[in-house]
Amino acid sequence: MTSTAPWTTRKPTALLVLADGTVIEGHGIGATGKVQAEVCFNTALTGYEEILTDPSYLGQIVTFTFPHIGNVGTNEEDIEDLTPAARHGAVGVIFKADITEPSNYRAAKHLDAWLKARGIIGLCGVDTRALTAWIREHGAPNAVIAHDPGGVFDIDTLKAEAKAWSGLVGLDLAKVATSGQSSTWDEKPWVWNEGYSTLGAADARYHVVCVDFGVKRNILRLFAGLDCKVTVVPASTSAEDILALNPDGIFLSNGPGDPAATGEYAVPVIQNLIKSNKPLFGICLGHQMLGLALGGKTEKMHQGHHGANHPVKDFTTGKVEIVSMNHGFAVDSKSLPEGVEETHVSLFDGSNCGLRLAGKPVFSVQHHRKLRPARRTATTFPPLHQTWCARRRVSRRSQSADSTLTLEIEDAARSDPGRFHFVAHLVEEAQAEQQRRAHQADQEAEPDADAAETERKGHDPGEEEADRPVGDQRHHHRNARILQAAQQAAGDRLQAVDQLEDAGDHHQRHGEVEHGRGLGRIGIDKGAAERARHQVEQKSAGNGDGAGDPQHGDRRPHQVRVIAPSMRNPDPHRRGLRQSERDHEGDRGELQRDTVGRSRSCRSCPSSARRREQADLRQNRDADRQSDAATARASPAAEADEQLVAARLRASGYRRP
């Protein structure tokens, strides 16, 4: 008879001991031993090797909020510190799940072995979300992380060491992370399937001196990619030695530690560099020390900013940038003197993220802009790319067509670009609805107008067509009918906005979320809905004087601009709306059949001849417009743009309704 082994728990082989005495147990990986450091959390989903080798993390233990780490392994191309042998970077790391086996063609080493080689202590099996919530509430704590394969720990000693550590305030770590001597850099950014290339001496157009406080390799690669020769100098280099290199620009790099401590020897150098009138740019720690050099102050943040997808407002352009951040100190914007302008601010907590000195080429930012990832995202997710392309097409269409109901989708696409194709669908619906109403108005009003004119003039209106002036009373009547039809269409759009808003409120209250291809049952942005309603009412109530729009030029009196929210809810309200749209389609078919029947039955009457002539004129005009549109699309750039949008639509599974 065989017996089943009893259920057992795994003995802890690693601990995280906080300064307040909290002990968190887990499974140890990487290097063994113990180290004192500050615990922070990083929200990035990828790039764990770059994060752990970033010199700005020196003296910190990184908690990854993303649960699965290690699946792409490690390699020698993705490290960020200049001197890998010195192992400048994070000293500890915390994961939720055990690290996985690597599954990537670039992987050269398992993450566990790589952590051992780098001397980084790892802790697995921790509820990192709970730890992150604790840090957000209490702030980044001082702690000790320890790893012993046998699971033998002196917890009382670890608690005392965690409590006794002074922390990062007042700690100058830039002198540890900086280069030991001057050097040059010529490696350019990485290219898939090619690796890194180098900048030739003859190709260099500019000379940049980088003051190294703990610079990342990719920053230097970006300079080289812009045809800049880069000279890297240690953090303690004097202003005279830097200016003797005759640079075209000076760069203050990122780095770890307290900027006030590093600024004791770096701030006087920066102040002398400012006086030289050379272009000066700083980032992260360089930004903070530039703020000190200009008369501001820095402060320790509650939890810091570490991770990707941080929103930052750029006051110089009015746009919001999505950036990566890694800093535990910030410039106090209230301390900046007159003449120093705050250019960027975090939309998470309002902390300063950029500044510039008025009258001089001196500026800095606290973050890393995600230029390539943003561009790659725009081409990978079709709706976002369609937003830009379709806005150009709608603008061209509104400038060329006389009676097109223009839908301005900018606000809706900006608030929710992931569902732009539904906004584009609303554009098509509104245009079709306006054409249907205009056609119906023509059919209903023209017989009465023909009879009235015949009675007034005493002869067939068709005889007067050749001599009729373009701006006569009949043309204005037609414009008025189209204006009324367009306003009615705008009213229908407003009703749709109200129904969608009600549906959004319903789903927002009940917390319903549906994932897949960018579809989500979420509440509509009430601010966007209010703006839509206000602008529709404002435009629909216009006095018909043809006042122009500053962005789209002058409008004909019968044109209306509508701002529609990017929203689609597959709920009863939406189904009712779609049923109404199908009814409109049926009405349109009946109208077409009635028109054909009348044309066949009374071809000999003067009114029918008049209508046939007008139909021919409209057909010729539409053919001319289609020819113009085809000519515009014939250019290589426009053709490539159309092909790209079509390919992205097919890839997303979207089909035109």
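Going by the structure above, here's the rest.
The shown structure was predicted, so the numbers you read here are calculated from the model rather than taken from an experiment.

Caption draft 1: View of the overall build of the chain. Assigned secondary structure in the chain consists of 18 helices and 20 strands. Within the chain, buried positions represent 46% of all 657 residues. Considering only residue pairs separated by 6 or more positions, the chain has 75% of its internal contacts joining residues 24 or more positions apart. Per element, the accessible surface of the chain, about 33000 Å² overall, is 51% carbon and sulfur.

Caption draft 2: Just the packing of aromatic side chains, in detail. Throughout the structure, instances matching the rule amount to 4 aromatic pairs. On the numbers, 5.0 Å between centres and 35° between planes, the contact of Phe-281 with Phe-363 is tilted. With a gap of 82 residues between them, Phe-281 in strand E12 (residues 280-283) and Phe-363 in strand E17 (residues 362-365) connect regions that are remote in the sequence. Three or more aromatic residues link up through ring pairs in this structure, and these residues are Phe-223, Phe-251, Phe-281 and Phe-363. Directly above the ring of Trp-190 sits Arg-106, whose terminal nitrogen or CZ lies 4.7 Å from the centroid.

Caption draft 3: Highlighting helix H9 (residues 285-293). Counting buried residues along H9, 9 of its 9 residues qualify, which places the element largely inside the surrounding structure. Listing the buried residues of H9 in full gives Leu-285, Gly-286, His-287, Gln-288, Met-289, Leu-290, Gly-291, Leu-292 and Ala-293. The first or second residue beyond H9 is Gly-295, which carries a positive phi of 105°.

Caption draft 4: Quick peek at the environment of Ala-164. By secondary structure assignment, the location of Ala-164 is in helix H4 (residues 155-164). The class of Ala-164 is exposed, set by a relative accessible area of 64%. Sequence spacing of Ala-164 and Ala-19 is 145 residues, and the spatial spacing of their C-alpha atoms is 7.9 Å.

Caption draft 5: Inspection of the packing of helix H8 (residues 259-275) against H9 at higher detail. Contact pair H8 / H9: the axes reach a minimum separation of 8 Å and the direction vectors enclose 70°. Here H8 is positioned roughly perpendicular relative to H9, judged by the angle of their axes. For the element pair H8 and H9, the recorded crossing hand is right-handed. Contacts between H8 and H9 pair Pro-259, Ala-260, Thr-262, Gly-263, Ala-266, Val-267, Ile-270, Gln-271 and Ile-274 from the former with Leu-285, Gln-288, Met-289, Leu-290, Leu-292 and Ala-293 from the latter. Split into classes, the residues belonging to the contact of H8 with H9 amount to 11 nonpolar, 4 polar and no charged.

Caption draft 6: Just the side chain of Asn-352, in detail. Among the structural elements, Asn-352 can be located in strand E16 (residues 352-357). Assessed through its relative accessible area of 1%, Asn-352 is described here as buried. Looking at Asn-352, its side chain comes within polar contact range of the side chain of His-287, at 3.0 Å. Side-chain polar atoms of Asn-352 contact the backbone oxygen of Gly-354, separated by 3.0 Å. Not counting chain neighbours up to four residues away, the residues in contact with Asn-352 comprise His-287, Val-331, Ser-333, Leu-336, Glu-342, His-344 and Gln-366.

Caption draft 7: Empty space enclosed by the protein, seen in detail. Following the criterion strictly, the structure yields 5 cavities of 30 Å³ or more and no others. Reported here for the largest cavity is a volume of approximately 160 Å³. What lines the largest cavity is a set of 18 residues, among which Ser-56, Gly-255, Gly-257, His-327 and Gly-328 lie closest to the centre. Contributions of two or more residues to the lining of the largest cavity are made by H9 and strand E14 (319-332). Sort the elements by how many residues they give to the lining of the largest cavity and E14 lands first, with 4 residues. In terms of residue class, the lining of the largest cavity is built from 7 nonpolar, 10 polar and 1 charged.

Caption draft 8: Quick look at the sheet that holds strand E7 (residues 142-147). Strand order around the closed barrel formed by 7 strands is E1-E2-E6-E5-E4-E3-E7, with mixed pairing between neighbours. Neighbour-to-neighbour, the strand axes of this sheet turn through a mean angle of 35°, independent of strand direction. Taken together, the 3 bridges between strand E5 (residues 92-94) and strand E6 (residues 121-124) define a ladder with parallel strand orientation. Opposite Ile-94, over in E6, you have Leu-123 as the bridge partner. Across the sheet, helix H2 (residues 111-118) lies against strand E2 (23-30) and E5, angled at about 95° from E2, the strand it touches most.

Caption draft 9: How the structure looks around the state of the cysteines. Scanning the entire structure with this criterion turns up 0 disulfides. Cys-284 takes part in no disulfide bond, and the closest cysteine sulfur, belonging to Cys-353, lies 9.8 Å away. Residue Cys-284 is classed as buried on the basis of its relative accessible area of 3%.

Caption draft 10: Local environment of the sheet that holds strand E11 (residues 249-252). The mixed open sheet is built from 11 strands, whose spatial order is E8-E10-E9-E11-E12-E17-E16-E15-E13-E14-E18. Two strands bound the open sheet, and with one partner strand each, they are strand E8 (183-185) and strand E18 (368-369). Where helix H6 (residues 217-225) meets the sheet, it contacts E8, strand E9 (206-212), strand E10 (228-234), E11, E12 and E18, and its direction lies at approximately 145° from that of E10.

Caption draft 11: Region of interest: the environment of Ile-120. If you trace the backbone, Ile-120 turns up in the loop between H2 and E6. For the pair Ile-120 and Arg-87, spaced 33 residues apart in sequence, the C-alpha to C-alpha distance is 8.9 Å. Excluding residues within four positions of it along the chain, Ile-120 makes contact with Ile-29, Gly-30, Ala-31, Leu-52, Ala-90, Val-91, Gly-92, Val-93, Trp-114 and Leu-115.

Cut-offs applied
Residues numbered from 1 in each chain as written. Predicted model: local features only at pLDDT ≥ 70, side-chain atom pairs only at ≥ 80, totals over all residues. Heavy atoms only, no water. Helix = DSSP H or I, 4+ residues; strand = E, 2+ residues; numbered from the N terminus. Buried < 20%, exposed > 50% of the residue type's maximum accessible area, 1.4 Å probe, protein only. Contact = heavy atoms within 4.5 Å. Areas by Shrake-Rupley, 256 points an atom, 1.4 Å probe, with all protein chains shown as cover. Phe/Tyr/Trp six-rings, centres within 6.5 Å; stacked < 30°, edge-to-face > 60°. Lys NZ or Arg CZ within 6 Å of the ring centre and 35° of its normal. Axes fitted to C-alpha atoms, helices over the stretch in contact; angles between N-to-C directions. Parallel < 35°, antiparallel > 145°, perpendicular 65-115°, else oblique. Left-handed = near helix turned anticlockwise from the far one by under 90°. Nonpolar A, V, L, I, M, F, W, Y, C, P; charged D, E, K, R; others polar. Polar contact = N/O pair within 3.5 Å; in protein donor to acceptor, adjacent residues only side chain to side chain. 1 Å grid on protein atoms, 1.4 Å probe; cavity = no way out; pocket = protein on both sides within 12 Å on 5 of 7 lines; lining within 4 Å. Points joined across faces, edges and corners; volume = space filled by probe spheres on them. Pairing = 2+ DSSP bridges. Disulfide = S-S within 2.5 Å.

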